[in-house]
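Below are the chains, spelled out letter by letter.
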Amino acid sequence: MFNGKTEIINFYARINNYTSYLEIGGQPSAGDRSTFSQVKITYKDTVDPGVHIEDDKMPKNCQHYEMTSDAFFKEYKNSKKYDLIFIDGLHEHAQVYRDIEGSLSCLSENGTIVLHDMLPPSRKLEVVNRTGTCWRAFADFRRKRKDLEMFTVPPPWGTEDGLSIIRLGKQEVFEKEIEYTYDFFLDNKVSLMNIITWDQFLRKHSSYYDAADIIKKLHFDASKYVKNNANCQSALADDSNKE
């Protein structure tokens with residue numbers, strides 16, 4: 001089965017020549033279909049207190065840390081740097097917030113953080129074994145960090161797999177006071193999460209003909225996700241005028 005999120009992770013790895021990867025909530029023992037196994041980066045580490053695997057069972061150049069992400073970042077924030085960090089651990093507001101903070105402390109200068117399950121399609125999915133409340137942590141950083149580039153792309157390969165991206169850079173922060181309710185999320189999600197279409201994603205990375213294959217494989221038109229939002233309609237029109 002085609003694994004969309006891994007395609008995006010590998011896309012970032014390819015265009016930036018990344019060599020090191022950290023997966024929070026990684027499952028290195030889950031087999032070839034796991035995200036960890038499919039990521040094409042030379043040096044890969046995972047962190048999960050609930051996963052045990054012997055060192056000799058890990059692939060070459062890979063290491064699993066059987067500890068919480070809090071403990072990992074406390075111990076290694078001054079000694080380890082990663083080009084790409086995938087956050088897919090405990091789907092709870094405060095934990096994801098700490099995982100973002102810790103990831104930023106271990107991120108290389110041109111590094112990328114990818115966060116999973118960021119666009120809950122219903123309030124019933126705001127539980128830790130589904131999308132949880134991950135979006136709230138991302139929103140906190142959208143509210144206060146002008147020194148980051150942050151955006152979210154809709155889920156073409158499933159109903160709740162929205163991916164958010166964080167890189168060092170700059171952004172216009174979200175100015176409203178955040179209310180941690182699903183209704184607030186629905187009313188503000190495009191600007192709060194800085195949702196962009198896949199066409200905008202490709203243009204942002206100046207790799208349209210390289211990454212267009214991703215859209216072809218996914219058979220997805222992201223404009224459907226935001227077609228009723230005036231801001232996104234305006235952005236789509238702007239892109240069309242540039243062609």
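As the structure is a prediction and not an experimental result, all values here were calculated from the model. (Residues numbered from 1 in each chain as written. Predicted model: local features only at pLDDT ≥ 70, side-chain atom pairs only at ≥ 80, totals over all residues. Heavy atoms only, no water.)

K.L.:
With reference to specific residues and values, describe the packing of helix α3 (residues 69–76) against helix α4 (residues 93–105).
P.N.:
Between α3 and α4, the least distance of the axes is 10 Å, while the angle of their chain directions is 20 degrees. With respect to their mutual orientation, α3 and α4 come out roughly parallel. Pair α3 / α4 crosses with left-handed handedness. Taken together, the residues of α4 that come into contact with α3 (itself represented by S69, D70 and F73) are Q95, R98, D99, G102 and S103. (Axes fitted to C-alpha atoms, helices over the stretch in contact; angles between N-to-C directions. Helix = DSSP H or I, 4+ residues; strand = E, 2+ residues; numbered from the N terminus. Parallel < 35°, antiparallel > 145°, perpendicular 65-115°, else oblique. Left-handed = near helix turned anticlockwise from the far one by under 90°. Contact = heavy atoms within 4.5 Å.)

K.L.:
Provide a residue-level description of the pairing of strand β1 (residues 20–24), including the pertinent values.
P.N.:
For β1, the tally of buried residues reaches five of five residues, placing the bulk of the element in the interior. Two strands pair when backbone bridges link them, and β1 and strand β2 (residues 43–47) are joined in this way by five bridges, in the parallel orientation. For L22, the partnering residue across the bridge sits in β2 and is D45. Sheet topology places β1 next to strand β4 (residues 82–87); four bridges connect them, and they run parallel. In the sheet register, Y21 faces β4, and the bridge partner there is L84. (Buried < 20%, exposed > 50% of the residue type's maximum accessible area, 1.4 Å probe, protein only. Pairing = 2+ DSSP bridges.)

K.L.:
Break down α4 for me, with residues and values.
P.N.:
Across its 13 residues, α4 extends 19 Å between first and last C-alpha, which sits within 8% of the 18 Å expected from 1.5 Å per residue. By the burial criterion, the buried members of α4 are H93, Q95, V96, Y97, D99, I100, G102, S103 and L104. With a side-chain oxygen positioned 3.2 Å from the backbone nitrogen of A94, the residue opening α4 is E92. (Expected span 1.5 Å × (residues − 1). Polar contact = N/O pair within 3.5 Å; in protein donor to acceptor, adjacent residues only side chain to side chain.)

K.L.:
Help me get a handle on the pairing of β4, residues and values and all.
P.N.:
The element β4 is largely enclosed, with a buried count of six among its six residues. Of the pairings in the sheet, the one linking β4 to strand β5 (residues 107–115) comprises five bridges and is parallel in character. Residue pairing across strands places I87 opposite L115, the latter belonging to β5. Tracing the backbone out of β4, into α4 and back to the parallel element β5 gives a crossover that is right-handed. (Right-handed = clockwise from strand over helix to strand, strands pointing away.)

K.L.:
Which residues make up unusual backbone geometry, and what are the values?
P.N.:
Unlike most non-glycine residues, N17 shows phi in positive territory, near 55 degrees. With respect to the element layout, N17 can be found in the loop between α1 (4–16) and β1. Overall, N17 belongs to the exposed group, its relative accessible area being 63%. Positive phi values are uncommon outside glycine, yet N194 reaches one of about 50 degrees. Following the sequence through the fold, N194 ends up in the loop between α6 (182–192) and α7 (198–204).

Note that every value here comes from positions in space, so none of it alone points to a role or purpose.
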